[in-house]
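Given next are the chains, with one letter for each unit.
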Amino acid sequence: MEQDYFFKVKTPNQVRDILKTVAKPLSSETINISDALGRVLADDIISPVDLPGFDRATMDGFAVRAKDTFGASSGSPAYLNLIGEIKMGEKATIKVSQGEAVKVSTGSMMPSGADAVVMIEWTEFFDDQTIEVIRSVAPGDNIVKKDEDLHIGEKLLDKGHILRPQDIGALAGVGITSVNVTRSPRVAIISSGDEIISPDQIPEIGQIRDINSYSLSALAKQAGGQPIIMGIVKDDYNILKAVMENALENADIAIISGGSSIGTRDVTIDVISSLKDAEILVHGISIKPGKPTIIAKVGDKYVFGLPGNPVSVMVTFEIFVGFLIRLLLGIKQPLYEPRYIKAILNRNIASAPGREDYICVRLIESDKGLLAEPVLGKSATISMMVKADGLIKIPLEYEGLEVGTEVDVYIFND
Ligand code: AMP
Ligand code: MG
C-alpha cells in the first residue's frame, strides 16, 4: 500500500510540466484602464497613433533653425529675430525662416521651419525683438519628433503582459481607454476537519481556529485570482462532496485544505475521484512540506487537495496553485515570478535526498551581505511563516546545504 503510494509520487518539475500541458488561458473580458493594474493582457496592443503626434519642444526656450546658431558663443552670439510665441496646447501656425526664433515652452508644438530649441539659459534679450544665442544647437536638440515616443502600428505591449502603472499611462497616452484582459480565476476555498472552527469562535479543548481559509484567500488574491471562501466542512464524504460540487459550479479552481492525515486522506481522494469527469493528475509530490498534495482536473476546472498544516498549505499554494493561476491568466514567461533574492546561508540545514525541501528563512543584513537564517521551530507552525521573509529550496538530490552557501530566497509578497 505504502509502496504503491510511493510510486505515484511526482517531482515538483513533473507536476509543473503536467500543469503546463493541461492548463489553457481563461476567456477574456474588457475593462477600463483605470481598473487594469496587475491584470494580464489578452491581446497584443498596437499603437493606433503617433505619439506625441506633432513635433514638440522638450525645453523652455526658442525654436530656431539649428544652422543659424552654428558657431555661437558668449564672445560671439548669434542674433535672431523674435517673431512670436507658441503657447502650450496651441497649434503652431508661425513659420521660422532664416535668422528667426519663436518662443516655446516645454511641450509646445514646434513651428514649421524650426528644427531645434535653444534653452532659455543660453539666450539673452538684446532688445524686445532680438535675442542673443550664446551656444549652438544641433538639429533635433531639445525636441521630440512626432512619432519618436511611439509610431502608429508599433507594438506597444504583448499579449500575456501584466499591466504596470507605466503601461496604463502609455495606453492613456495613445487614447486606448479599455483593454481585453484575461478573466481572473475564481478560487473556491474549503477548509476541512472536525476540529476546525471559525476564527470568531472560542475554541474548546481540541479545537483550532481556521487559518487556511484566510491565508489561502489572501494568497489567491495576491496571485491574481478571486477567492471565494466556502467555509469549514467536516471530514465526511457526503458533505465534502456536496460542497465540492458547489465550489466547482462557481469557481475555476477549488482548493480543499486538510484531510492529509492517514484515515481522512482517503475521504478527500474519494470525493475528488467521484466528481463527474474527474481526472487525478497528481497524488503525492516529492516535496516537504506538501507531500500528500492531490491535483485533479474536473472538466475544465481544477481541484487541489492540500495538506491542512498551515505552512504546508501556503508553501504548496505558492509552488503549484500560484503556478496554475499564472497559466490560466496566460501570463507570458517567466512563469516563475522573479521574486528571488540572493543571500548567504548562516547555518547548516539537513535534508533527505529525493525530495525538494522548503525552509522558512529570515533575512538579516550584515557587513558580509544579506544572510538567510532558517527560522527555527518545532514543527511547521504559522508563526514560522510570520517570522519568515521567504523560503529557500533544497533541491531534490541534495542532502542539505552548508553554512556559507549562496541561496536564492523566494521572497513572500507584502
Ligand atoms: P490534516 O491535513 O487534516 O491532517 O491537517 C494537518 C494539520 O493541520 C492538523 O494539525 C490540522 O488540525 C491542521 N489544520 C487543518 N486544517 C486547518 C485549518 N483550516 N486551519 C488551521 N489548521 C488546520
Ligand atoms: Mg484534518
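The following paragraphs examine the structure supplied in this document. Note that the structure is a prediction, hence the values are computed from the model and not measured.

Under the criterion given, the structure shown has 15 salt bridges. Asp408 is paired through a salt bridge with Lys342; the nearest N and O atoms lie 2.7 Å apart. Highlighted residues: Asp408 in strand E28 (residues 406-411) and Lys342 in strand E22 (residues 340-345), separated in sequence by 66 residues. We classify Asp408 as partly exposed; its relative accessible area is 37%.

On to the side chain of Asp210. Position of Asp210 among the secondary structure elements: in the loop between strand E15 (208-209) and helix H4 (212-222). Notably, Asp210 is buried but unbridged: the nearest opposite-charge side chain belongs to Arg209, and the N-O separation is 11 Å. A polar contact of 3.0 Å, which involves the side chain of Asp210, links it to the side chain of Ser191. Only 2.5 Å separates the side chain of Asp210 from the side chain of Ser213, close enough to count as a polar contact. Look past the residues within four positions of Asp210 in its chain and what remains in contact with it is Ser191, Ile196, Ile197, Pro199 and Ile232.

With respect to spatial proximity, 17 residues lie near ligand 1, and among them Glu195, Asp210, Gly259, Ser260 and Gly308 are the closest. Residue Ile211 places a main-chain N or O atom 2.9 Å away from a nitrogen atom belonging to ligand 1. A distance of 2.6 Å separates an oxygen atom of ligand 1 from a polar backbone atom of Gly259. Starting from 480 Å² of accessible surface for ligand 1 in isolation, the protein chains cover 80%. Across the shell around ligand 1, the residue classes break down as five nonpolar, nine polar and three charged.

Successive residues of a regular strand alternate their side chains across the two faces of the sheet. Of all five residues in strand E26 (residues 390-394), four are buried, a share of seventy percent or more. Here five bridges tie strand E24 (residues 356-366) to E26, and the two strands are oriented antiparallel to one another. Note on E26: the bridge partner recorded for Val361 is Gly390. Relative to E28, E26 runs antiparallel, the two being bridged by three bridges. When the sheet's bridge partners are listed, Leu391 is paired in E28 with Tyr410.

As a further point, take the sheet that holds strand E16 (residues 226-233). One open sheet holds the six strands; their spatial order is E16-E13-E17-E21-E20-E18, and the pairing between them is mixed. Two strands bound the open sheet, and with one partner strand each, they are E16 and strand E18 (278-283). Taken pair by pair, the neighbouring strands of this sheet meet at an average axis angle of 20 degrees, ignoring direction. For strand E13 (residues 186-192) and strand E17 (residues 253-257), the ladder comprises five bridges, and the chain directions are parallel. Residue pairing across strands places Ala188 opposite Ala254, the latter belonging to E17. Together, E13, E16, E17 and strand E21 (301-306) form the strand contacts of H4, whose direction differs from that of E13 by roughly 165 degrees. Each of E13, E17, strand E20 (294-298) and E21 is contacted by helix H7 (residues 310-329), which is oriented at about 170 degrees to E21, the strand it contacts most.

Turning to the packing of aromatic side chains, a few remarks are in order. The full count for this structure, using the stated rule, is three aromatic pairs. With a centroid separation of 5.5 Å and an interplanar angle of 65 degrees, the aromatic rings of Tyr340 and Tyr410 are classed as edge-to-face. With a gap of 70 residues between them, Tyr340 in strand E22 and Tyr410 in strand E28 connect regions that are remote in the sequence. The ring centre of Trp122 lies 3.8 Å from the NZ or CZ of Arg135, which sits over that ring.

About the cut-offs
Residues numbered from 1 in each chain as written. Chains lettered and ligands numbered in written order. Predicted model: local features only at pLDDT ≥ 70, side-chain atom pairs only at ≥ 80, totals over all residues. Heavy atoms only, no water. Salt bridge = Lys/Arg side-chain N within 4 Å of Asp/Glu carboxyl O. Helix = DSSP H or I, 4+ residues; strand = E, 2+ residues; numbered from the N terminus. Buried < 20%, exposed > 50% of the residue type's maximum accessible area, 1.4 Å probe, protein only. Lys, Arg positive; Asp, Glu negative; His and termini not counted. Polar contact = N/O pair within 3.5 Å; in protein donor to acceptor, adjacent residues only side chain to side chain. Contact = heavy atoms within 4.5 Å. Near = heavy atom within 4 Å. Areas by Shrake-Rupley, 256 points an atom, 1.4 Å probe, with all protein chains shown as cover. Nonpolar A, V, L, I, M, F, W, Y, C, P; charged D, E, K, R; others polar. Pairing = 2+ DSSP bridges. Axes fitted to C-alpha atoms, helices over the stretch in contact; angles between N-to-C directions. Phe/Tyr/Trp six-rings, centres within 6.5 Å; stacked < 30°, edge-to-face > 60°. Lys NZ or Arg CZ within 6 Å of the ring centre and 35° of its normal.

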